[in-house]
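Here are the chains, one letter per residue:
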Amino acid sequence: MTRVRVTAPRTAARPAKETREAAQDSEVGQVFVRSLIRSQLRLALVVAAGFLLILGAFPLLLAAVPGLAETRVAGIPFDWLLLGAGIYPLIGLSAWLYIRTAARNEARYRDLAEDQ
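Every value quoted in this text rests on a predicted model; they were computed, and no experiment measured them. (Residues numbered from 1 in each chain as written. Predicted model: local features only at pLDDT ≥ 70, side-chain atom pairs only at ≥ 80, totals over all residues. Heavy atoms only, no water.)

1. Some thoughts on the environment of Phe32
Logical step 1: In this fold, Phe32 is placed in helix H2 (residues 27–64).
Logical step 2: Between the alpha carbons of Phe32 and Tyr109 there is a distance of 6.9 Å; along the sequence they are 77 residues apart. (Helix = DSSP H or I, 4+ residues; strand = E, 2+ residues; numbered from the N terminus.)

What follows is the structure, given as structure tokens:
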């Protein structure tokens with residue numbers, strides 16, 4: 001039996017360890033790291049707050065529209081359908097937004113750290 005080694009293709013990306021070490025060498029680099037941490041924290045808080053606000057709006061929607069809670073779709077109560085099927089796309093959208101923006105923040109940090 002022959003062993004086959006499967007590896008990912010080589011990329012031109014700079015290893016994170018080198019960037020981290022370069023950033024920690026100077027005061028300016030430390031400012032960049034603190035700025036990255038603050039921006040990632042701010043992003044996490046904004047996405048979490050937005051998710052919780054929309055999640056809190058679901059019960060308000062059911063209370064605001066009379067008769068909506070008693071409505072049934074294919075034998076399933078609408079409020080259960082809304083909470084069961086409506087939340088998962090919201091979770092996915094929140095996660096996608098967070099990952100996309102966090103990656104953009106880290107790319108900006110790497111650009112600044114490499115320019116230094």
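2. Regarding the UniProt feature "transmembrane region" (unreviewed entry) in the protein chain
Logical step 1: In the UniProt entry, the feature "transmembrane region" (unreviewed entry) is given for residues 43–68 and 80–99.
Logical step 2: A helix fraction of 85% and a strand fraction of 0% characterise residues 43–68, whose end C-alpha atoms lie 34 Å from each other.
Logical step 3: In residues 80–99, helix accounts for 100% and strand for 0%; the two terminal C-alpha atoms are 29 Å from one another. (UniProt positions renumbered as here; feature names shortened; annotations may be inferred.)

3. Side note on the packing of H2 against helix H3 (residues 78–115)
Helix-helix packing is described using two parameters, namely the angle between the two axes and the distance between the axes.
Logical step 1: At a closest axis distance of 10 Å, the pairing of H2 and H3 adopts a crossing angle of 165 degrees. The orientation of H2 with respect to H3, classified from their angle, is roughly antiparallel. Of the two possible hands of crossing, H2 and H3 adopt the one that is right-handed.
Logical step 2: Considered class by class, the residues forming the contact of H2 with H3 number 24 nonpolar, six polar and two charged. (Axes fitted to C-alpha atoms, helices over the stretch in contact; angles between N-to-C directions. Parallel < 35°, antiparallel > 145°, perpendicular 65-115°, else oblique. Left-handed = near helix turned anticlockwise from the far one by under 90°. Nonpolar A, V, L, I, M, F, W, Y, C, P; charged D, E, K, R; others polar.)

4. Here we look at H3
Logical step 1: Taking 1.5 Å as the rise per residue, H3 with 38 residues should run 56 Å; its terminal C-alpha atoms sit 55 Å apart, in good agreement.
Logical step 2: Its maximal kink placed at Ile87, H3 deviates by approximately 25 degrees, while the proline Pro89 follows within four residues.
Logical step 3: Taken residue by residue, H3 has Asp79, Leu82, Ile87, Leu90, Ser94, Thr101, Ala102, Asn105, Tyr109 and Ala113 as its buried positions. (Expected span 1.5 Å × (residues − 1). Bend = angle between axes of the 7 residues up to and from the residue. Buried < 20%, exposed > 50% of the residue type's maximum accessible area, 1.4 Å probe, protein only.)

5. Points about the side chain of Thr101
Logical step 1: Mapped onto the elements of the fold, Thr101 is located in helix H3.
Logical step 2: Judged by relative accessible area, which is 18%, Thr101 ranks as buried.
Logical step 3: Within the structure, the side chain of Thr101 is placed 2.9 Å from the backbone oxygen of Leu97, a separation counted as a polar contact. (Polar contact = N/O pair within 3.5 Å; in protein donor to acceptor, adjacent residues only side chain to side chain.)

6. Considerations on the nonpolar core
Logical step 1: Phe51, Phe58, Leu62, Leu68, Leu82, Ile87 and Leu90 together form the largest nonpolar core, which totals seven residues.
Logical step 2: For this core, the secondary-structure elements that each account for two or more residues are H2 and H3.
Logical step 3: Here Leu82 is in contact with Phe58, Leu61, Leu62 and Ile87, once residues within four sequence places are set aside. (Core = buried A, V, L, I, M, F, W, Y, C linked by side-chain atoms within 4.5 Å. Contact = heavy atoms within 4.5 Å.)

7. With respect to a nonpolar patch on the surface
Logical step 1: A surface patch of nonpolar side chains, about 390 Å² in accessible area, is lined by Val73, Ile76, Trp80 and Leu81.
Logical step 2: Tracing the backbone shows Trp80 in helix H3. (Patch = residues over 30% accessible without salt bridge, like charges linked within 9 Å, V, L, I, M, F, W, Y side chains within 5 Å. Areas by Shrake-Rupley, 256 points an atom, 1.4 Å probe, with all protein chains shown as cover. Salt bridge = Lys/Arg side-chain N within 4 Å of Asp/Glu carboxyl O.)

8. Comments concerning H2
Logical step 1: For H2, spanning 38 residues, the distance from its first C-alpha to its last is 54 Å, which sits close to the expected 56 Å at 1.5 Å a residue.
Logical step 2: Maximal helix bending in H2 amounts to about 25 degrees, located at Phe58; proline Pro59 follows within four positions.
Logical step 3: Burial in H2 covers these residues: Gly29, Leu36, Ser39, Gln40, Leu43, Val47, Phe51, Phe58 and Leu62.

9. Some words on the environment of Leu97
Logical step 1: Assignment of secondary structure puts Leu97 in helix H3.
Logical step 2: Sequence spacing of Leu97 and Leu43 is 54 residues, and the spatial spacing of their C-alpha atoms is 9.7 Å.

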